[in-house]
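# Chains, contacts and geometry: an overview
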2 protein chains.
Amino acid sequence: MPAPTRLADAPFLRACRGEAVEHTPVWFMRQAGRALPEYRALREKAGMFEMIRTPELAVEATHQPVRRYGVDAAILFSDIVVPIEALGVGVELKPGVGPVVDVPFRTAADVERLRPLEPEADIPYVIETVRALVADLDVPLIGFAGAPFTLASYLVEGGPSRDHARTKALMHEQPSTWRALVDALADISLATLRAQVEAGASAVQVFDSWAGALNPDDYHDHVLPASARIFAGLADLGVPRIHFGVGTGELLGLMAEAGADVVGVDWRVPLRAARARVGHGVALQGNLDPAICLADWSVVEIEAKKVLASNGGHPGHTFNLGHGVLPDTDPDTLARLVDLVHAS
Amino acid sequence: MPAPTRLADAPFLRACRGEAVEHTPVWFMRQAGRALPEYRALREKAGMFEMIRTPELAVEATHQPVRRYGVDAAILFSDIVVPIEALGVGVELKPGVGPVVDVPFRTAADVERLRPLEPEADIPYVIETVRALVADLDVPLIGFAGAPFTLASYLVEGGPSRDHARTKALMHEQPSTWRALVDALADISLATLRAQVEAGASAVQVFDSWAGALNPDDYHDHVLPASARIFAGLADLGVPRIHFGVGTGELLGLMAEAGADVVGVDWRVPLRAARARVGHGVALQGNLDPAICLADWSVVEIEAKKVLASNGGHPGHTFNLGHGVLPDTDPDTLARLVDLVHAS
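For every chain, the first residue of the written sequence is number 1, and numbering continues from 1 onward in sequence order. Labels follow written order: the first chain is A, the first ligand is 1, and so on. Local features are withheld for residues below a pLDDT of 70 in this predicted model, meaning they are given only at 70 or higher, and side-chain atom pairs are given and counted only at 80 or more; totals for whole chains, interfaces and linings count all residues. For side-chain calculations, the full set of non-hydrogen atoms in the structure is used, while hydrogens and water are omitted.

### Things to note about the overall build of chain A
Check the secondary structure of chain A and you find 17 helices and nine strands. Relative to its length of 344 residues, chain A is compact, with a C-alpha radius of gyration of 19 Å against a globular reference of 20 Å. In terms of principal-axis extent, the alpha carbons of chain A reach across some 55 × 45 × 40 Å. Relative to its full complement of 344 residues, chain A shows a buried share of 63%. Two residues form a contact once any of their heavy atoms are found within 4.5 Å. Partitioning the contacts of chain A with sequence separation of at least 6, the portion at a separation of at least 24 is 71%. All accessible areas in this document rest on Shrake-Rupley with a 1.4 Å probe, and a residue is counted as covered only by the protein chains that are shown. Put simply, chain A shows about 12,400 Å² of open surface, and 50% of that area lies on carbon and sulfur atoms. If the 30 positive side-chain charges of chain A are averaged to one point and the 44 negative ones to another, these points end up 2 Å apart. Numbering goes from the N terminus for both helices and strands, where a helix is a DSSP run of H or I of at least four residues and a strand is a run of E of at least two. Radius of gyration: C-alpha atoms only; globule rule: 2.2 Å multiplied by the number of residues to the exponent 0.38. Three labels apply to residues, based on accessible area from a 1.4 Å probe with only protein chains included: buried if under 20% of the type maximum, exposed if over 50%, partly exposed otherwise in between. Under the counting rule used here, the positive set is Lys and Arg, the negative set is Asp and Glu, and His together with the chain ends is not counted. One atom stands in for each charge, and that atom is NZ of Lys, CZ of Arg, CG of Asp or CD of Glu.

As structure tokens, then:
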């Protein structure tokens, strides 16, 4: 029996659908990462892309936080730039920096550098990793991909950017080139997500980590249509679709409107306010400040309880951090946090 | 006649008070800076602290954007860490990084490293610069200081921080040490602001550049009381008090409540939404995305008009960017922007 069916009643998937749960489910963005000593040990043997391309290693990195923390979901060990790198765009994952693109995208001709993704041929290792994971995981596996704006920003800026000035200039100066770029990226992300779900992933998360740099008008006019293309293209698969960004307080309603079943909320927006913005029938994910996890446990406990209180017992809530686990986080803190959320 | 009286009817000051204006006033955060070739020429001769401590140079840097752009206000050339550096806290202004503190603040004993500021003795050059400026400026001069949270974050982290994790830990783990720290910083900022106004500054801006890292509960409980101490301590001087931060969409109401006459808004929040949050009687400042100023003029024009339209003709509006001028900005773009705002 394929994993999605076997685990259909898992608390995480019930919460994504807004159904009653026995306990609030919890997972952590970047739970497979440098906060774990066992992860750092793995990474001593291999670089990021090598880990991702070696199913045995990617499977192990995905399993580690599930074993250690007892979280309610696993998330595929990968990176949002994997599909575009597989298509031949030169990308390096620089430690402490992030993705760096050899030759940034600046013109209409650059868009031609992206062809449609053929997952079985281009990223077979991702599919193999997903299949191996769902064969023995006892919790749902979340697949993921980058949202078109965030991927476009890496391609246009050539790496992480504080201001996204070139990206915004392209968006406004050459709207048809921009649209071609984000539509191509949407189709690539859609293809990898469909392949991950067909291989057994039970849910997907679309990361629009940089969307919070945009005002609502620009997001609505220049980004939402491309992101909506991904969500619409997943509808027939019946898996929960999570839409995540940071600094997106003004965008939460639009991010739901793009077609999300679950909207990720950073720590700046209380869940009760977020729920009013996403509207009826959309679940939430979040939103403890990851920086708080570096404080004493007594502080973490108080702040985690505030998050739960702000949710007000609504069943459509998956507990998470408002952004990724910080590398200096004590793993014991996250393990205790899982226990606290489960006991609440 | 002292400058504040002479210029009391200047459009910028009228807009800060919510009074009718003939044209929308405009100035730019970081208008004295690297976007100007004449500024870069000045900086070849002297480091930041040397410029700030040399009234002749600080006066010239303050004048440059007023001459070049025709903005409606000048802002003192200085830095928010100037008073604490003058008190003996070792701080370096690293180009491209920001303030770096030699020995970060971590304990209650560190708070003792801050004594009350005596402006005439500790920062005489600031007072001399303000006096020289108001003697010949034809537009109001804005004085400024750092808000307690942002200053505390530099002191605790030891420099700019993405996560503010140590700052947040101190705030929650040692609330009485935290309170002593932010109260001491509030008194220091208040002292420099009073001295600047007494020397002739017509308005003040309190920069809480990092406040957007906080959720509303933490801002309310751990930051607002100290910031309010500054605003209350300025009330008798009768000058407009501007309160600025970035990523503060959820905090705008609280930032007004702290005692601001004008709240600065970054580009993420449309002015019509911001006005509803700050409440009646509070003016706004903002909020064109500084990244947009790197695009073609046709784009800048459209986006600037959107900002003005979002304000809906309300008199309590000073046009500005949502954050500081980016160094790669073409000065001609800013000059045209001033003309556009004045003609609207």
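### Observations concerning the packing of aromatic side chains
The way to describe two aromatic rings as a pair is by their centre distance and the angle between their planes. Note on aromatic pairs: the rings of Phe, Tyr and Trp (six-membered ring only in Trp) are paired at centre separations within 6.5 Å, and the planes decide the class, stacked below 30 degrees, edge-to-face beyond 60, tilted for the rest. A complete count under the given rule lists twelve aromatic pairs over all chains for this structure. Ring plane angle 75° and centroid distance 5.9 Å describe the contact between Phe207(A) and Phe244(A), whose orientation is recorded as edge-to-face. Here the residue Phe207(A) occupies a position in strand S5 (residues 203-207), and Phe244(A) occupies one in strand S6 (residues 241-244), the gap between them amounting to 37 residues. By relative accessible area, Phe244(A) is classed as buried at 1%. Ring geometry for Tyr39(B) and Phe77(B): centres 5.8 Å apart, planes at 55°, overall tilted.

### What about the pattern of salt bridges?
Residue and element names in this part refer to chain A. Every case where a carboxyl oxygen of Asp or Glu lies within 4 Å of a side-chain nitrogen of Lys or Arg is listed as a salt bridge. Scanning the entire structure with this criterion turns up 40 salt bridges over all chains. Here Arg131 makes a salt bridge to Glu120, at a shortest N to O gap of 3.7 Å. Of this pair, Arg131 sits in helix H9 (residues 124-136) while Glu120 is found in helix H8 (residues 119-122), placing the two residues eleven residues apart along the sequence. A relative accessible area of 46% places Arg131 in the partly exposed class. Of the charged contacts in the structure, one is a salt bridge between Arg179 and Asp183, with a shortest N-O distance of 3.2 Å. One end of the pair, Arg179, and the other, Asp183, are both in helix H12 (residues 175-198), four residues apart, so they sit about a helical turn from each other. Residue Arg179 is classed as partly exposed on the basis of its relative accessible area of 38%. Here Asp183 falls in the buried class, since its relative accessible area comes to 14%. What you see here is one network of salt bridges that share partners, running through Asp9, Arg14, Arg17 and Glu19.

### Comments concerning the interface of chain A and chain B
When the parts of a complex come together, some accessible area is lost, and that lost area is often used as the size of the interface. Contact with chain A, which involves 31 residues of that partner, is made by 31 residues of chain B. Taken together, the two surfaces of chain A and chain B that pack against each other cover about 2,400 Å², and 52% of this comes from carbon and sulfur. Two parts placed together each lose some accessible area; with a 1.4 Å probe, that loss summed over both constitutes the buried area. Of all residues in chain A, the largest losses of buried area upon contact with chain B belong to Glu173(A), Glu250(A) and Arg268(A), amounting jointly to 22% of the total for that side. At the junction of chain A with chain B, the criterion picks out four salt bridges. Of the charged contacts, one joins Glu250(B) and Arg277(A) as a salt bridge, the two residues approaching to 2.8 Å between their closest N and O atoms.

### With respect to the relation of the copies chain A and chain B
Note on the identical chains: chain A maps onto chain B by a rotation of 180° and an axial translation of 0.0 Å, with an RMSD of 0.0 Å. Both chain copies can therefore be described as sitting about a two-fold axis. Fitting of the copies onto one another was done by least squares over C-alpha atoms, counting residues only where both copies have pLDDT of at least 70.

### Some details on helix H16 (residues 297-311) of chain B
One fewer than the residue count of a helix, multiplied by 1.5 Å, yields its expected span. A rise of 1.5 Å per residue sets the reference length of H16(B), with its 15 residues, at 21 Å; its end C-alpha atoms lie 21 Å apart and thus fit the reference within 8%. Taken together, the buried positions of H16(B) are Trp297(B), Val299(B), Val300(B), Glu303(B), Ala304(B), Val307(B), Leu308(B), Ser310(B) and Asn311(B). For H16(B), the angular spread of buried residues about the axis comes to 165°, placing them on one side. Next to the buried residues of H16(B) lie helix H11 (165-173) and helix H13 (216-234) of chain A together with helix H15 (271-278), strand S8 (283-288), strand S9 (317-321) and helix H17 (331-343) of chain B. Directly beyond the C-terminal end of H16(B), a positive phi value near 65° is found at Gly312(B). The directions from the helix axis to the C-beta atoms are what the arc is built from.

### Structural notes on the sheet that holds strand S4 (residues 141-146) of chain A
Residues and elements named next belong to chain A. A pair of strands is labelled paired if DSSP reports no fewer than 2 bridges between them. Taken together, seven strands build an open sheet; the order of strands is S1-S4-S5-S6-S7-S8-S9 and the sheet is parallel. Two strands in the sheet have a free side with no partner beyond their single neighbour: strand S1 (74-75) and strand S9 (317-321). As paired elements, S6 and strand S7 (residues 262-264) share two bridges and run parallel to each other. In the sheet register, His243 faces S7, and the bridge partner there is Val263.

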